[in-house]
Amino acid sequence: MDAYELDVRDLGFSYAGGSKILDGVSLKIGGPQLISIIGPNGVGKSTFIYCLNKILSPTEGTVLVEGEDVKDISIKNLSKKMGFVPHATSDVFPMTVMDTVLMGRHPHSGRKITDEDVMEAYNVLKLLDIGEFAMRPFDQLSAGQHQKVVLARGLVQKPRILLLDEPTSNLDIKHQMDVTRILKELSEKESMTVVMISHDLNIAARYSDRVVMMYDHGIYCMGTPEEVITEENISHVYKVESKVVMDDGRPYVILRDSKFSPKPAGPDSVCSL
């Protein structure tokens, strides 16, 4: 098995005095692949990610990285193996984009930034097509640029496992595709296990090697995109009807709404501003 495999055993989590958020979650993942975690709001996707990287402590079960329980690994040592990119951050750093990204090198270099660290950071910025913003103040970026910088900060850690909570949420369609394709390519080039939460079933279907569908505080099913993203599963988990067709060997989801029947545009319809 891969030396950096992630082994989750009977994971459970609940807040004090509250109902269970996660219950009996188990899976093993490792090696160069992109894994998407999908499912409706409130099923525990983000909580699951937070339990993997010690933001939250599981109330039941264990999380093993390289066979070692994460609760016994220091934050610094865990950061060398596992990176994390949050869904959104309210941080407003009074520093440049370059300095913000270099924060991701601290697990390797400590407080002393080297020329190698700067080169690693700049290469990641170029990879994400934001190299021109290297010296721009971080707090003057658009929401999409902001999200890419946060992603760059996670990538520059050079982790073997990268966890992402909706990494494309603030991006337009083109940049959603660009970023997800880059993550897929990095998983292969860097032998990295990339695990991302996604609400876009078609993005997940197009780029993922495997998909984990969560429902009712646990894993409903997991497998290849064509095994998981089916009309039956979407109906049961999301409570919506759909038509799933194959496109270039991957499932593509067309949503249906029986309560809404749009009227076709007339022959004289024009687009106007």
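Residues numbered from 1 in each chain as written. Predicted model: local features only at pLDDT ≥ 70, side-chain atom pairs only at ≥ 80, totals over all residues. Heavy atoms only, no water.

Trainee: Any chance you could explain the overall build of the protein chain here in plain terms?
Mentor: A count of helices and strands for the protein chain gives 10 helices and 12 strands. In terms of principal-axis extent, the alpha carbons of the protein chain reach across some 65 × 50 × 40 Å. Counting every position in the protein chain, which comprises 273 residues, the buried fraction comes to 48%. Put simply, 64% of the contacts in the protein chain that link residues at least 6 apart link residues at least 24 apart. Carbon and sulfur atoms provide 50% of the accessible area of the protein chain, an area that totals close to 14200 Å². (Helix = DSSP H or I, 4+ residues; strand = E, 2+ residues; numbered from the N terminus. Buried < 20%, exposed > 50% of the residue type's maximum accessible area, 1.4 Å probe, protein only. Contact = heavy atoms within 4.5 Å. Areas by Shrake-Rupley, 256 points an atom, 1.4 Å probe, with all protein chains shown as cover.)

Trainee: Looking at this model, I keep getting lost on the sheet that holds strand β10 (residues 218-223). Mind explaining?
Mentor: The pairing of strands in a sheet comes from backbone hydrogen bonds and takes either a parallel or an antiparallel form. Strand order in the open sheet made by the 6 strands is β6-β7-β8-β3-β9-β10, with mixed pairing throughout. Since the sheet does not close on itself, it has two edges, and those belong to β6 (82-85) and β10, each with one partner. In this sheet, neighbouring strand axes are inclined to one another by 15° on average, regardless of whether the strands run parallel or antiparallel. Sheet topology note: the β6/strand β7 (residues 161-165) ladder contains 4 bridges and is parallel. Note that in β7 the partner of G83 across the bridge is L162. Relative to the sheet, helix α6 (residues 143-155) contacts β6 and β7, its axis offset from that of β6 by approximately 175°. Packed onto the sheet, helix α10 (residues 231-238) meets β3 (33-38), β9 (210-215) and β10 and runs at close to 30° relative to β9. (Pairing = 2+ DSSP bridges. Axes fitted to C-alpha atoms, helices over the stretch in contact; angles between N-to-C directions.)

Trainee: Sorry, what's going on with the packing of α6 against helix α7 (residues 173-189) here?
Mentor: Two numbers describe a pair of packed helices, the interaxial angle and the distance between the axes. Put simply, α6 and α7 touch, their axes get as near as 13 Å, and they point 5° apart. Comparing their axes, α7 and α6 come out roughly parallel. Across the interface between the two elements, K148, L151 and L155 of α6 pack against H175, V179, L183 and L186 of α7. In terms of residue class, the contact of α6 with α7 is made up of 5 nonpolar, 1 polar and 1 charged. (Parallel < 35°, antiparallel > 145°, perpendicular 65-115°, else oblique. Nonpolar A, V, L, I, M, F, W, Y, C, P; charged D, E, K, R; others polar.)

Trainee: What am I meant to see in the sheet that holds strand β1 (residues 6-14) here?
Mentor: Here 4 strands make up an open sheet; going across it, the order is β2-β1-β4-β5 and the pairing antiparallel. Every other strand in the sheet has two partners, leaving β2 (20-29) and β5 (68-69) as the edge strands with one partner each.

Trainee: Explanation requested: the nonpolar core in the structure shown.
Mentor: General note: in soluble globular proteins, nonpolar side chains tend to be found buried as a group. Residues V101, L125, L128, L151, L155, L164 and L183 are the most contacted members of the largest nonpolar core, which totals 33 residues. If you list the elements that add at least two residues to this core, you get α3 (97-102), α5 (115-127), α6, β7, α7, β8 (193-197) and α8 (201-207). The leading source of residues in this core is α6, at 5 residues. Other than its neighbours up to four places away in sequence, L125 contacts V97, M98, V101, I130, G131, A134 and A152. If you look at the next biggest cluster of nonpolar residues, it comprises 28 residues, including L11, L22, L56 and M82. (Core = buried A, V, L, I, M, F, W, Y, C linked by side-chain atoms within 4.5 Å.)

Trainee: In this structure, what is going on with the pattern of salt bridges? I would like to understand it.
Mentor: Between side chains of opposite charge, a pair can form when the charged atoms approach closely. A complete count under the given rule lists 12 salt bridges for this structure. Residues D209 and K184 are paired through a salt bridge, measuring 2.6 Å at the closest nitrogen-oxygen approach. One end of the pair, D209, is in the loop between α8 and β9; the other, K184, is in helix α7, with 25 residues separating them in the sequence. Its relative accessible area of 26% is what places D209 among the partly exposed residues. It is possible to trace a salt-bridge network through shared partners that takes in K20, D23 and E60. (Salt bridge = Lys/Arg side-chain N within 4 Å of Asp/Glu carboxyl O.)

Trainee: Help me out: how do you make sense of the pairing of strand β12 (residues 250-256) in this one?
Mentor: For a regular strand, side-chain orientation follows a simple rule: the groups alternate between the two sheet faces. Looking at chain direction, strand β11 (residues 241-247) and β12 are connected through 7 bridges and run antiparallel. Residue D247 lies in a different strand from β12, and its bridge partner there is R250. Following β11, the chain reverses through 2 residues before pairing antiparallel with β12; D248 in that reversal takes a positive phi of roughly 55°.

Trainee: Help me out: how do you make sense of unusual backbone geometry in this one?
Mentor: Most peptide bonds adopt trans geometry, and most residues besides glycine take a negative phi value. Its identity is not glycine, yet K54 carries a phi of approximately 75°, on the positive side. On the secondary structure map, K54 appears in the loop between α1 (45-52) and β4 (60-65). The backbone of K158 sits at a positive phi, close to 60°, despite the residue not being glycine.

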